[in-house]
Amino acid sequence: MKLVIIDYGAGNIKSIQFAFKRLGVDAILSNNPEVITSAERVIFPGVGEASSAMKMLKQSGLDTLIPTLKQPVLGICLGMQLMCNSSEEGNTKGLGIFNVDVKRYSNAVKVPQMGWNTINELKSNLFRNIEEDAFMYLVHSFYADMCQEAIASTTYELKYASALQKDNFYGVQFHPEKSSVVGEQVLRNFLEL
């Protein structure tokens, strides 16, 4: 299995690498378009601020490459948010893969949402062998609205899309690499899509 983690300077890449190593897969870190295009599976990570992450994607031309990928692609956290139409964070135009906008939580709740929360309304093979109300680990101040492409929901202040899918593109707001055995199952399912 050739698995590539897109390395564009905005990811907690080591913990994702370790999570796949526990599953017996050595993930390659790369920002080389040929290496990414030839992978069997691609992880699009992201930690940090949306507009600066998008700037880094544009500098390497990955903003135009990622939407053209044909193999299964999994966006994690900010990676998923950047796959949406736009984000209120830094007034950022996204990659437009998922037809939804990313918004900031109001000041009525503690921001960021940090810690464990449940995922519900699971609708994809990405969640094979995972129960409704399974706990996942999240750290985020922005969320994707519920939409047609939502394959899981979570409630924090309101119900939002904690996972998205369109064709070969998947996105999760939570961190599967930090979500114990349930998160490991999500990564295993992704490898088997």
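Shown above is the structure to which this text applies.
Residues numbered from 1 in each chain as written. Predicted model: local features only at pLDDT ≥ 70, side-chain atom pairs only at ≥ 80, totals over all residues. Heavy atoms only, no water.

**Student:** How would you sum up the overall build of the protein chain? Please name residues and give values.
**Tutor:** Secondary structure assignment for the protein chain yields six helices and 13 strands. Dimensions of the protein chain along its principal axes, counting C-alpha atoms only, are 45 × 35 × 30 Å. In the protein chain, the proportion of contacts linking residues at least 24 apart, taken out of those at least 6 apart, comes to 70%. As displayed, the protein chain has an accessible area near 8,400 Å², and 50% of this comes from carbon and sulfur atoms. Taken as two groups, the 18 positive and 20 negative side-chain charges of the protein chain have centres that lie 3 Å from each other. (Helix = DSSP H or I, 4+ residues; strand = E, 2+ residues; numbered from the N terminus. Contact = heavy atoms within 4.5 Å. Areas by Shrake-Rupley, 256 points an atom, 1.4 Å probe, with all protein chains shown as cover. Lys, Arg positive; Asp, Glu negative; His and termini not counted. Charge placed at Lys NZ, Arg CZ, Asp CG, Glu CD.)

**Student:** Before we move on, could you go through the nonpolar core and cite the residues and values that matter?
**Tutor:** The biggest cluster of nonpolar side chains holds 34 residues, and the ones touching the most others in it are Ile43, Leu74, Leu126 and Phe127. Listed by contribution, the elements that provide at least two residues to this core are β1 (3-6), α1 (13-22), β4 (73-76), β9 (134-140), β11 (150-156), β12 (158-166), β13 (169-172) and α6 (180-192). When residues no more than four places from it in sequence are discounted, the contact partners of phenylalanine 127 are Ile119, Leu122, Ile151, Ala152, Ala163, Phe174, Val186 and Asn189. The next biggest cluster of nonpolar side chains, apart from the first, holds 33 residues, and it includes Ile6, Leu57, Phe142 and Ala144. (Core = buried A, V, L, I, M, F, W, Y, C linked by side-chain atoms within 4.5 Å. Buried < 20%, exposed > 50% of the residue type's maximum accessible area, 1.4 Å probe, protein only.)

**Student:** Pulling in residues and values, what's your account of the environment of tyrosine 156?
**Tutor:** One can find tyrosine 156 in strand β11. In contact with tyrosine 156, other than residues within four places in its own chain, are Tyr105, Val109, Lys110, Gln113 and Asn117. A distance of 2.5 Å separates a polar side-chain atom of tyrosine 156 from the backbone oxygen of lysine 110. (Polar contact = N/O pair within 3.5 Å; in protein donor to acceptor, adjacent residues only side chain to side chain.)

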